Amino acid sequence: MWKVYKWNGHYIMGELVSNPSTESAAIKRAEKKIKFRPFLVKEEKIKNRFLPKIVEGKWSGTMCLTESQCGTDLGLIKTKAIKQKDGSFLLTGQKIFITSGDHDLTENIIHLVLAKIPGGPSGTKGISLFLVPKFNVNDDGTIGSRNGVSTLSIETKMGIKGSPTCVLNFDNAKGFLIGQENKGLSSMFTMMNLERIIVGIQGLGIAETAYQNSLAYTKERKQGKSNNNKDNQTD
């Protein structure tokens, strides 16, 4: 479930997350705690086209940062965005480790993608943030043709397995600039800094749940005789 907040002249999309569990929290994001993702949209047309279905829960979203040659050092990303005459961009590149990157649980998936516009500053100063839908969206809000986003593979993971973590290819995928050119990293960190806290809280919640279940089990399990047992039977 999603809610849109207005802050500092921007629209921010808040995602409600449940009491920490693994697969369900990664995919469903139910209720109780609010996690913000940067969705700094100034253009009304883009906002009106994408936000309503996300708020309704009919469309889901991802954050596409990491590439095979860079994880922490995002200044090395190779995904590029070429500006078109209509103001949109065509994105080309590959992203890895994308949580819930592809599935059929929702009608559309809205990817927030970090990419570089040719001619911009080098390193992290040249990173911009783009909205790239799995399916293009018509002006009236209906689903259009398939966009140039495809799944190359599903990552093999040791931990969470209920969420499809994907390698995504962007092949001239149509996208829209979110915020200002070359300011994508600061927008991304609006989400990432809070995400780190939320992940820590999720781990704490899982540990607490494990402790409570273990404690209840040890109190009810019969596994031997007490020291003052008289009839030689299990207490």
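Residues numbered from 1 in each chain as written. Predicted model: local features only at pLDDT ≥ 70, side-chain atom pairs only at ≥ 80, totals over all residues. Heavy atoms only, no water.

> Before we move on, can you summarise the pattern of salt bridges with the specific residues and values?
Overall, the coordinates contain six salt bridges when judged by the stated rule. For Lys83, the salt bridge goes to Glu181, with nearest N and O atoms at 3.9 Å. Residue Lys83 is located in strand E5 (residues 80–83), and its partner Glu181 is located in the loop between strand E12 (166–178) and helix H3 (184–220); the two are separated by 98 residues in the primary sequence. Glu181 sits in the partly exposed class, given a relative accessible area of 34%. (Salt bridge = Lys/Arg side-chain N within 4 Å of Asp/Glu carboxyl O. Helix = DSSP H or I, 4+ residues; strand = E, 2+ residues; numbered from the N terminus. Buried < 20%, exposed > 50% of the residue type's maximum accessible area, 1.4 Å probe, protein only.)

> Account for the nonpolar core, with residues named and values stated.
If you look at the biggest cluster of nonpolar residues, it comprises 22 residues, and the most contacted ones within it are Phe50, Met63, Leu65, Leu74, Leu114, Leu131 and Met188. Each residue touching Leu65, except ones within four places of it in the same chain, is listed here: Leu74, Ile77, Lys95, Ile98, Leu114, Met188 and Met192. Counting 15 residues, the second largest nonpolar core, distinct from the first, contains Leu91, Val113, Val132 and Phe170. (Core = buried A, V, L, I, M, F, W, Y, C linked by side-chain atoms within 4.5 Å. Contact = heavy atoms within 4.5 Å.)

> Let's hear about unusual backbone geometry: which residues, and what values?
Peptide bonds are trans in most cases, and residues, glycine excluded, mostly fall at negative phi. If you check the backbone angles, Phe97 has positive phi at about 60 degrees while not being a glycine. With respect to the helices, strands and loops of the structure, Phe97 is situated in strand E6 (residues 89–98). Exposure remark for Phe97: the relative accessible area of 52% places this residue in the exposed category. Phi at Asn172 takes a positive value of approximately 50 degrees, unusual for a residue other than glycine. Structurally, the position occupied by Asn172 is in strand E12.

> Summarise helix H2 (residues 44–56); cite the residues concerned and give the values.
The end-to-end C-alpha distance of H2, which contains 13 residues, comes to 18 Å, matching closely the 18 Å that a straight helix rising 1.5 Å per residue would cover. All buried positions along H2 are accounted for by Ile46, Lys47, Arg49, Phe50, Leu51 and Ile54. Count one or two residues on from H2 and you reach Gly57, which has phi positive near 85 degrees. (Expected span 1.5 Å × (residues − 1).)

> Can you explain the packing of aromatic side chains? Please cite residues and give values.
On inspection of all chains with the given rule, the structure shows three aromatic pairs. Look at Phe50 and Phe176: their rings are 5.8 Å apart centre to centre, the planes differ by 55 degrees, and that puts the pair in the tilted class. Of this pair, Phe50 sits in helix H2 while Phe176 sits in strand E12, and the two are 126 residues apart along the sequence. Exposure class is identical for Phe50 and Phe176. Each is buried. Every member of this aromatic cluster is reached through a ring pair, and the members are Phe50, Trp59 and Phe176. Just above the ring of Phe135 sits the side chain of Arg146; from NZ or CZ to the centre is 5.4 Å. (Phe/Tyr/Trp six-rings, centres within 6.5 Å; stacked < 30°, edge-to-face > 60°. Lys NZ or Arg CZ within 6 Å of the ring centre and 35° of its normal.)

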